[in-house]
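# Descriptive structure summary
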Amino acid sequence: MAKSVKELGKQWMISSFSKRGFSTACSTLKSSSSSSSTMEKQSGKSVNLFTAVNQALYIALETDPNAYLFGEDVSFGGVFRCSTGLADQFGSKRVFNTPLCEQGIVGFGIGLAAMGNRAIAEVQFADYIFPAFDQIVNEAAKFRYRSGNQFNCGGLTIRTPYGAVGHGGHYHSQSPESFFCQVPGLKVVIPRSPKQEKGLLLASIRDPNPVIFFEPKWLYRLAVEEVPEDDYMFPLSEAEVIRHGSDITLVGWGSQLAVMEQACVDAEKEGISCELIDLKTLIPWDKETVEASVRKTGRLLVSHEAPVTGGFGAEISASIMERCFSRLEAPVARTCGLDTPFPLVFEPFFMPTKNKILDAIKATVNY
């Protein structure tokens, strides 16, 4: 049994992500924003996602002398090598290691940002962001509000890798984004690919609000895409329709987009036309784009790696039910992680796979 489960896990890892990690549609469709149009004209080269992170951090530090990067092992390049070479370029006073203390990392970042600096704090794994929960929720998010807009820590960006990685188990695979989506004063951003990573990270660092930026660790080396080498940004809170369709709307974010794209391709072979939307920013999220799509298709499916109960898919479902109730042809479907601790050998059963999503698509369309 153990052998068969291991083989199943290996097959799932291979089938869920191609070497690109996302579809051609994801990487080539243009955004409606002017900054995106300008970005399309810039030259670039194919890089993976962690290299895109490195490029964004380099630009952020180079263009703002008051920007600082810090976290556990950051000056050595970080556990995923995202900050490689930055300490050599900008010195140990601007790129530096911290003690193994998440509440200290975030607390220091709040103070640094409150003094008018750009604080880029790295929490090594999203699973370990919880010791800093009080600093994030009760301090960073409320800093501007409690002072009547006299003070703020809007220059704070917290980068952290989230989600499945194939072998992380219950302490290195969690997706805790929904914990922070109920907190006014924070923004929550999750990219799907290298090009999106760079543009969204730079936008988050320069945004006048504290941002939690979740990076899909699975895609650090797996996802490869042509990324402009110059400085560019994508707008926050603007979803993107990366695949147009007429029968059902699918909404997701991060690494789950690649899995959903594969399900859309298989559904098309069975005559089902799927519209796929990358939310990109969870808070504040782009309700209008999702609503317009659902009014067209009459159906909605949301997929994310986090457990289904209390996941952000529930908020999307409730909002769309309120906005599109008379247009819906079927109940909103959710294909998500299970309500269990994240398993190791049973990861393929926990994850919302292509086949699970395809089954939910067909069930919703045939309701």
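Here's what I pulled together on the structure shown here. (Residues numbered from 1 in each chain as written. Predicted model: local features only at pLDDT ≥ 70, side-chain atom pairs only at ≥ 80, totals over all residues. Heavy atoms only, no water.)

Our next topic: the overall build of the chain. The helix and strand inventory of the chain stands at 16 helices and 14 strands. Counting across all 367 residues of the chain, residues that qualify as buried make up 58%. The long-range share in the chain, meaning contacts at least 24 apart out of those at least 6 apart in sequence, stands at 83%. (Helix = DSSP H or I, 4+ residues; strand = E, 2+ residues; numbered from the N terminus. Buried < 20%, exposed > 50% of the residue type's maximum accessible area, 1.4 Å probe, protein only. Contact = heavy atoms within 4.5 Å.)

When the terminal C-alpha atoms of helix H6 (residues 102-114) are compared, their 18 Å separation across 13 residues agrees well with the 18 Å that a helix rising 1.5 Å per residue should span. Listing the buried residues of H6 in full gives Glu102, Ile105, Val106, Gly109, Ile110, Leu112 and Ala113. Within H6, the buried residues cover an arc of 170° as seen down the axis, which keeps them to one side. Considering only its buried residues, H6 is in contact with strand E2 (67-71), strand E4 (118-122), helix H7 (133-140), helix H8 (143-146) and strand E5 (156-162). After H6 finishes, the residue glycine 116 shows a positive phi value of roughly 95°. (Expected span 1.5 Å × (residues − 1). Arc of directions from axis to C-beta.)

This paragraph deals with empty space enclosed by the protein. If you walk through the whole model with that rule in mind, you get two cavities of 30 Å³ or more. Within this model, the second largest cavity holds a volume of roughly 40 Å³. Lining of the second largest cavity is provided by Gly77, Gly78, Val79, Phe80, Arg81, Cys82, Glu122, Arg159, Pro161 and Tyr220. Tallied by class, the residues present in the lining of the second largest cavity amount to five nonpolar, two polar and three charged. (1 Å grid on protein atoms, 1.4 Å probe; cavity = no way out; pocket = protein on both sides within 12 Å on 5 of 7 lines; lining within 4 Å. Points joined across faces, edges and corners; volume = space filled by probe spheres on them. Nonpolar A, V, L, I, M, F, W, Y, C, P; charged D, E, K, R; others polar.)

Turning to the layout of surface pockets, a few remarks are in order. Within this model, the largest pocket holds a volume of roughly 280 Å³. What lines the largest pocket is a set of 18 residues, among which Gln174, Ser175, Pro176, Phe179 and Pro307 lie closest to the centre. Elements that contribute at least two residues to the lining of the largest pocket include exactly helix H9 (177-180) and strand E13 (300-307). A per-element tally of the lining of the largest pocket places E13 first, with three residues. The class makeup of the residues in the lining of the largest pocket is eight nonpolar, nine polar and one charged.

Burial of E2 is extensive: five of the five residues sit out of reach of the surface. By the alternation rule, side chains of E2 split into Ala67, Leu69 and Gly71 and Tyr68 and Phe70, which are all buried. Relative to strand E3 (residues 95-97), E2 is paired through three bridges, and the arrangement is parallel. Directly across from leucine 69, in E3, lies its bridge partner valine 95. (Pairing = 2+ DSSP bridges.)

Moving on, we come to the pairing of E4. For a regular strand, side-chain orientation follows a simple rule: the groups alternate between the two sheet faces. Of all five residues that make up E4, four are buried, and the element is covered over most of its length. Two strands pair when backbone bridges link them, and E2 and E4 are joined in this way by five bridges, in the parallel orientation. Within E4, the position partnered with alanine 67 by the bridge is arginine 118.

Working definition of a disulfide: a covalent bond connecting the sulfur atoms of two cysteines. In the structure shown here, the tally under the stated rule is zero disulfides. Counting only cysteine sulfurs, cysteine 264 is the nearest neighbor of cysteine 274, a cysteine outside any disulfide, at a range of 4.2 Å. (Disulfide = S-S within 2.5 Å.)

This next bit is on the packing of aromatic side chains. All chains considered together, the criterion is met by 15 aromatic pairs. A centroid spacing of 5.3 Å and a plane angle of 55° characterise the contact between tyrosine 58 and phenylalanine 90, whose relative ring orientation is tilted. On the criterion of sequence distance, the pair formed by tyrosine 58 in helix H4 (residues 49-63) and phenylalanine 90 in helix H5 (residues 86-90) is long-range, its members being 32 residues apart. For tyrosine 58, a relative accessible area of 29% translates into the label partly exposed. (Phe/Tyr/Trp six-rings, centres within 6.5 Å; stacked < 30°, edge-to-face > 60°.)

Before going further, it helps to spend a moment on the packing of helix H13 (residues 287-297) against helix H14 (residues 312-324). Two elements in contact, H13 and H14, have axes separated by 10 Å at closest approach and are oriented at 60°. The angle between H13 and H14 places the two elements in the oblique class. By crossing handedness, the relation of H13 to H14 is classed as right-handed. Residues Lys287, Glu288, Val290, Glu291, Val294 and Arg295 of H13 form the contact with H14, whose participating residues are Ser319, Ile320, Arg323 and Cys324. Class assignment of the residues belonging to the contact of H13 with H14 gives a composition of four nonpolar, one polar and five charged. (Axes fitted to C-alpha atoms, helices over the stretch in contact; angles between N-to-C directions. Parallel < 35°, antiparallel > 145°, perpendicular 65-115°, else oblique. Left-handed = near helix turned anticlockwise from the far one by under 90°.)

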